[in-house]
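# Per-entry structural report
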Amino acid sequence: MTQTINLGAFLSSAKGFLHMGKEAKEADMQTMSFFLRNPRGGKAKPLDEADMRAFSAFLKENNFAPAVAHAPYTMNPCSPNESTRQFAREMFADDMRRMEYIPGNFYNFHPGSRLQTPLKTAAAQIADMLNAVLTPETKTTVLLETMAGKGSEVGRTFSELGEILAQIKYSEKVGVCLDTCHVWDGGYDIAENLDGVLNEFDREIGLSKLCAVHLNDSLNPLGSHKDRHALIGEGHIGKKALVAFLCHPALSSLPFVLETPTDTAGHAAEIRMLRAAVNEAGKK
Ligand code: FE
Ligand code: FE
Ligand code: ZN
């Protein structure tokens, strides 16, 4: 049986959201990631409602799997600095307002760096940001991303993410985006022990909360806490393990977004290569 895997990559919305959707289709993607504002600053262009609505219609007409918008890297809801936390809350509220023009998609964010703040306080601050904005009417699912554990990043372990999720008021509005490079760098051996890793995810979070995947190889060995992405097959996880990950019955229907260090043509080539490998694996 040939299974269809939803693959995509990061694209730029600089020429408009509808334009970006068409670019995804041309590259044979079934999902994609993008920023709603400058990822390293936080400034956003004025919202072009007509373009957002056209993009939303385009995704539906072409049967895209959910897209996974990415929050800016400067968003740190558990910073020890109150003005940084306030900035995070404002960006999050504005991004969620924009996401409502493209209902039914995902928005993922890095839980943040807590520095000297205790984990318990940090988890509560992260949950507070979500609880302040999400309502029963919200049409976007917000995803916490699994992190590599660089510095004081929250979200290296599934139990840390579980601690945040346990404090969410409308819990059906929040899930997890698993980044293969990050969990590997965080010490989860998805190459040799994928079932064991998924069992731990299920115990600490619940597999039904796993909504999307960032599919990356890693430049560094297991448990290195580095977060340097590699091209598929050119890192320590390896192509074979990443293809097995794509084909795992608990995962294969999720949207998979490449964040590998290449351009759109390179991502399109990786998608073709992965699709061929999945089909090959299906024949065995
Ligand atoms: Fe990320
Ligand atoms: Fe990621
Ligand atoms: Zn990363």
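Calculation rules
Residues numbered from 1 in each chain as written. Chains lettered and ligands numbered in written order. Predicted model: local features only at pLDDT ≥ 70, side-chain atom pairs only at ≥ 80, totals over all residues. Heavy atoms only, no water. Pairing = 2+ DSSP bridges. Helix = DSSP H or I, 4+ residues; strand = E, 2+ residues; numbered from the N terminus. Axes fitted to C-alpha atoms, helices over the stretch in contact; angles between N-to-C directions. Donors = N, O, S within 2.8 Å, 3.2 Å for Na, K, Ca; no water. Buried < 20%, exposed > 50% of the residue type's maximum accessible area, 1.4 Å probe, protein only. 1 Å grid on protein atoms, 1.4 Å probe; cavity = no way out; pocket = protein on both sides within 12 Å on 5 of 7 lines; lining within 4 Å. Points joined across faces, edges and corners; volume = space filled by probe spheres on them. Nonpolar A, V, L, I, M, F, W, Y, C, P; charged D, E, K, R; others polar. Polar contact = N/O pair within 3.5 Å; in protein donor to acceptor, adjacent residues only side chain to side chain. Contact = heavy atoms within 4.5 Å. Phe/Tyr/Trp six-rings, centres within 6.5 Å; stacked < 30°, edge-to-face > 60°. Arc of directions from axis to C-beta.

## So, the sheet that holds strand 10 (residues 255-258)
A barrel is described by the order of its strands in space; here eight strands give the closed sequence 1-2-3-4-5-6-7-10, paired in parallel fashion. With direction set aside, neighbouring strand axes in the sheet form an average angle of 30°. Inspection of the sheet shows strand 6 (residues 174-179) paired to strand 7 (residues 210-215) by four bridges, in the parallel sense. By the bridge assignment, Asp179 is partnered in strand 7 with His214.

## Concerning unusual backbone geometry
The backbone of Asp28 sits at a positive phi, close to 60°, despite the residue not being glycine. Mapped onto the elements, Asp28 comes out in the loop between helix 1 (17-26) and strand 2 (31-35). The phi dihedral of His225 falls on the positive side, at around 55°, and the residue is not glycine. Turning to its location among the elements, His225 is positioned in the loop between strand 8 (217-218) and strand 9 (229-230).

## A short note on the coordination of the iron ion (ligand 1)
Coordination of the iron ion (ligand 1) by the protein involves His70 (NE2), His110 (NE2) and Glu145 (OE), with metal-donor separations of 2.1 to 2.3 Å. Each donor residue of the iron ion (ligand 1) belongs to the same chain, with the gaps between them written as H-x39-H-x34-E. Distance-wise, the iron ion (ligand 2) is placed 3.1 Å from the iron ion (ligand 1), both being coordinated by Glu145. On the criterion of sequence distance, the pair formed by His70 in strand 3 (residues 68-70) and His110 in the loop between strand 4 (106-109) and helix 4 (119-133) is long-range, its members being 40 residues apart. Residue classification places His70 among the buried positions, given a relative accessible area of 1%.

## A few points about the layout of surface pockets
Looking at the largest pocket, its volume works out to about 520 Å³. Along its surface, the largest pocket is lined by 25 residues, and Arg40, His70, Tyr73, His110 and Asp227 are the ones closest to its centre. For the second largest pocket, the calculated volume is near 330 Å³. What lines the second largest pocket is a set of 20 residues, among which Ser13, Phe17, Phe35, Leu36 and Lys45 lie closest to the centre. Class assignment of the residues belonging to the lining of the second largest pocket gives a composition of nine nonpolar, four polar and seven charged.

## With respect to the coordination of the zinc ion (ligand 3)
The zinc ion (ligand 3) binds to the protein through His182 (NE2), Asp227 (OD) and His229 (NE2); the donor distances cover 1.9 to 2.2 Å. Taken in sequence order, the residues that donate to the zinc ion (ligand 3) follow the motif H-x44-D-x1-H.

## Focus on the side chain of Thr138
Position of Thr138 relative to the elements: it lies in the loop between helix 4 and strand 5 (141-145). A polar contact of 2.9 Å, which involves the side chain of Thr138, links it to the backbone nitrogen of Thr135. If near-sequence neighbours (up to four positions away) are discounted, Thr138 is found in contact with Met96, Glu100, Val133 and Lys173.

## Structural notes on the environment of Glu204
Within the element layout of this structure, Glu204 appears in helix 7 (residues 194-204). For the pair formed by Glu204 and Leu161, sequence separation is 43 residues and the distance between their alpha carbons is 8.2 Å. Filtering out sequence-adjacent residues up to four positions away, Glu204 remains in contact with Phe158, Ser159 and Gly162.

## Quick notes on the packing of aromatic side chains
The geometry of an aromatic ring pair comes down to the distance between the two centres and the angle between the two planes. Counted by the stated rule, this structure contains 11 aromatic pairs. For the ring pair Phe35 and Tyr73, a centre distance of 5.6 Å and an interplane angle of 70° mean the geometry is edge-to-face. One end of the pair, Phe35, is in strand 2; the other, Tyr73, is in the loop between strand 3 and helix 3 (82-99), and 38 residues separate them in sequence. Here Phe35 falls in the buried class, since its relative accessible area comes to 18%. Look at Phe158 and Tyr188: their rings are 4.0 Å apart centre to centre, the planes differ by 5°, and that puts the pair in the stacked class.

## Some remarks on the environment of Thr146
Residue placement: Thr146 occurs in the loop between strand 5 and helix 5 (158-165). Each C-alpha atom of the pair Thr146 and Leu178 lies 5.3 Å from the other, and the pair is 32 residues apart in sequence. Once you skip the residues sitting within four places of it in the chain, Thr146 turns out to touch Gly155, Phe158, Leu161, Val176, Cys177, Leu178, Asp179, His182 and Val183.

## Remarks on the pairing of strand 10
The side-chain alternation of strand 10 yields two buried faces, one formed by Pro255 and Val257 and the other by Phe256 and Leu258. Across three bridges, the pairing between strand 7 and strand 10 is parallel. Looking across to strand 10, one finds that Leu215 is bridged to Leu258.

## Notes on helix 7
Of all the residues in helix 7, the buried ones are Leu194, Val197, Leu198 and Phe201. Take helix 7 and look down its axis: the buried residues cluster within an arc of 95°, on one side only. On its buried face, helix 7 sits against helix 5, strand 6, strand 7 and helix 8 (239-247). At the exit of helix 7 stands Gly206, carrying a positive phi of roughly 105°.

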